[in-house]
Amino acid sequence: MASILVAQDAGVLTITLNRPEKLNAFNPEMHERLRAALQQADDDPAVRAVLLTGAGRGFCAGQDLAERDVSGSAPIDLSVSIGSHYNPLVRRLRALPKPVVCAVNGVAAGAGANIALACDLVLAARSAGFVQAFARIGLVPDSGGTWFLPRKVGMARAMGLALLGEKLSAEDAERWGLIWKVFDDKDLLPEAKKLAAQLAAGPTKGYALLKKALNASAGNSLEAQLDLERDLQRDAGASEDYREGVSAFKEKRKPTFKGK
Ligand code: LHQ
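Residues numbered from 1 in each chain as written. Predicted model: local features only at pLDDT ≥ 70, side-chain atom pairs only at ≥ 80, totals over all residues. Heavy atoms only, no water.

Novice: Even after reading the chapter, I still don't get the site of the ligand, so can you show me in this structure?
Specialist: The immediate surroundings of the ligand are formed by 25 residues, with R57, A61, Q63, L65 and A111 found nearest. Residue A61 places a main-chain N or O atom 2.9 Å away from a nitrogen atom belonging to the ligand. Within the contact set of the ligand, an oxygen atom lies 3.4 Å away from a side-chain nitrogen or oxygen of R136. When the ligand is considered free in solution it has 1,000 Å² of accessible area, and contact with the protein chains removes 66% of it. Residue assignment for the shell around the ligand shows that the elements contributing at least two residues are α2 (79-95) and β6 (107-109). The element best represented in the shell around the ligand is α2, accounting for 3 residues. Among the residues forming the shell around the ligand, the class breakdown is 14 nonpolar, 4 polar and 7 charged. (Near = heavy atom within 4 Å. Polar contact = N/O pair within 3.5 Å; in protein donor to acceptor, adjacent residues only side chain to side chain. Areas by Shrake-Rupley, 256 points an atom, 1.4 Å probe, with all protein chains shown as cover. Helix = DSSP H or I, 4+ residues; strand = E, 2+ residues; numbered from the N terminus. Nonpolar A, V, L, I, M, F, W, Y, C, P; charged D, E, K, R; others polar.)

Structure representation (structure tokens):
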């Protein structure tokens with residue numbers, strides 16, 4: 001059984017983490033396949049949005065702990081795995097010039113939670129939850145967790161989530177501003193598909209530029225951000241979709257964006 005399922009339909013590349021018996025925990029093979037799927041999303045101009053979700057009752061339980069050998073006495077170096085798999089994955093999700101919708105269908109724990117948070121629009125099933133499981137096993141939140149959490153929910157809540165490793169319900173995650181929206185379990189995938197299809201029919205180039213602007217904001221002064229907006233708007237204004245958007249507005253019709 002493939003650990004990652006990939007399906008392309010009407011501009012949306014749906015990527016499903018598929019190790020349900022392990023709550024879709026990551027092993028190196030799954031990382032490789034996910035990397036290839038995201039490369040496909042980046043390379044193929046027909047793909048204009050990505051939908052990431054999980055098979056079965058979980059979204060992703062982070063690193064597969066069953067595959068970790070902790071029996072020896074030599075120090076264990078986790079930086080290799082972080083450097084070769086998790087960090088490139090988070091960087092890729094953030095830099096992908098297409099919107100990434102994440103449908104958190106069940107529990108998201110450890111790196112699984114933070115990979116969800118690295119996506120652009122995070123939706124969750126009402127029964128789902130987010131667990132910063134790291135401290136429970138003596139680790140530091142990784143996959144961007146220490147960067148995303150304080151920015152999304154503030155330092156007090158970030159510290160509580162990281163230190164206590166308690167499950168945050170999907171409803172609280174929405175209330176805290178950690179994610180975009182919660183749906184009843186049966187509605188999650190249809191709603192996520194609808195949203196991804198909407199984004200796939202949007203001004204893809206403009207989306208790529210706005211992603212870049214928002215993601216850069218955390219490290220920029222207002223001065224620098226204003227300059228960045230000016231430069232990115234130059235590129236957005238030169239797109240075919242901008243012409244189409246304004247023409248459609250004037251002609252009182254719906255725009256037909258080509259993503260160029
Ligand atoms: C699992 C896992 C799992 C294997 C559930 N592995 N089997 C980066 C770089 C290098 C190294 C280290 O880490 C990292 C980043 C990380 O992600 S560290 C954090 C790793 N993840 C965790 O610590 C989470 C561990 N899992 C849990 O705490 C719970 O399973 C959660 C809260 C996710 C779900 O709890 P339940 O709903 O009660 O399910 P369960 O615990 O019964 O799990 C169901 C099955 O899935 C079970 O297998 P079994 O054969 O007994 O049915 C678990 O063993 C398996 N599973 N997580 N990470």
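Novice: I tried to follow the sheet that holds strand β7 (residues 121-125) on my own but got confused; where do I start?
Specialist: One key point about sheets: their strands pair by backbone hydrogen bonds, in either a parallel or an antiparallel sense. Reading across from one edge, β1-β2-β3-β5-β7-β10 is the order of the 6 strands in this open sheet, with mixed pairing throughout. Both edges of this open sheet fall to β1 (4-9) and β10 (181-183), since each of them pairs with a single strand only. Neighbour-to-neighbour, the strand axes of the sheet open up by a mean angle of 20 degrees, direction not taken into account. Two elements, β7 and β10, share 3 bridges in a ladder whose sense is parallel. Each bridged residue has a counterpart across the sheet, and for L123 the counterpart in β10 is K181. In this fold helix α1 (residues 28-43) packs onto β1, β2 (12-17) and β3 (49-54), with an angle of close to 175 degrees to the strand it touches most, β2. The sheet contacts of helix α7 (residues 185-200) involve β2, β3, β5 (100-104), β7 and β10, and relative to β7 the element is tilted by about 160 degrees. (Pairing = 2+ DSSP bridges. Axes fitted to C-alpha atoms, helices over the stretch in contact; angles between N-to-C directions. Contact = heavy atoms within 4.5 Å.)

Novice: Any chance you could explain unusual backbone geometry here in plain terms?
Specialist: Note: most residues except glycine have negative phi, and most peptide bonds are trans. Even without glycine at this site, N24 takes up a positive phi of about 60 degrees. Tracing the sequence through the fold places N24 in the loop between β2 and α1.

Novice: Looking at this model, I keep getting lost on the sheet that holds strand β8 (residues 129-131). Mind explaining?
Specialist: Taken together, 4 strands build an open sheet; the order of strands is β4-β6-β8-β9 and the sheet is mixed. Each of the sheet's edge strands pairs with one partner strand only, and the pair in question is β4 (58-60) and β9 (167-169). This sheet shows a mean twist of 20 degrees between the axes of neighbouring strands, independent of strand direction.

Any link to function would need more than the numbers given here.
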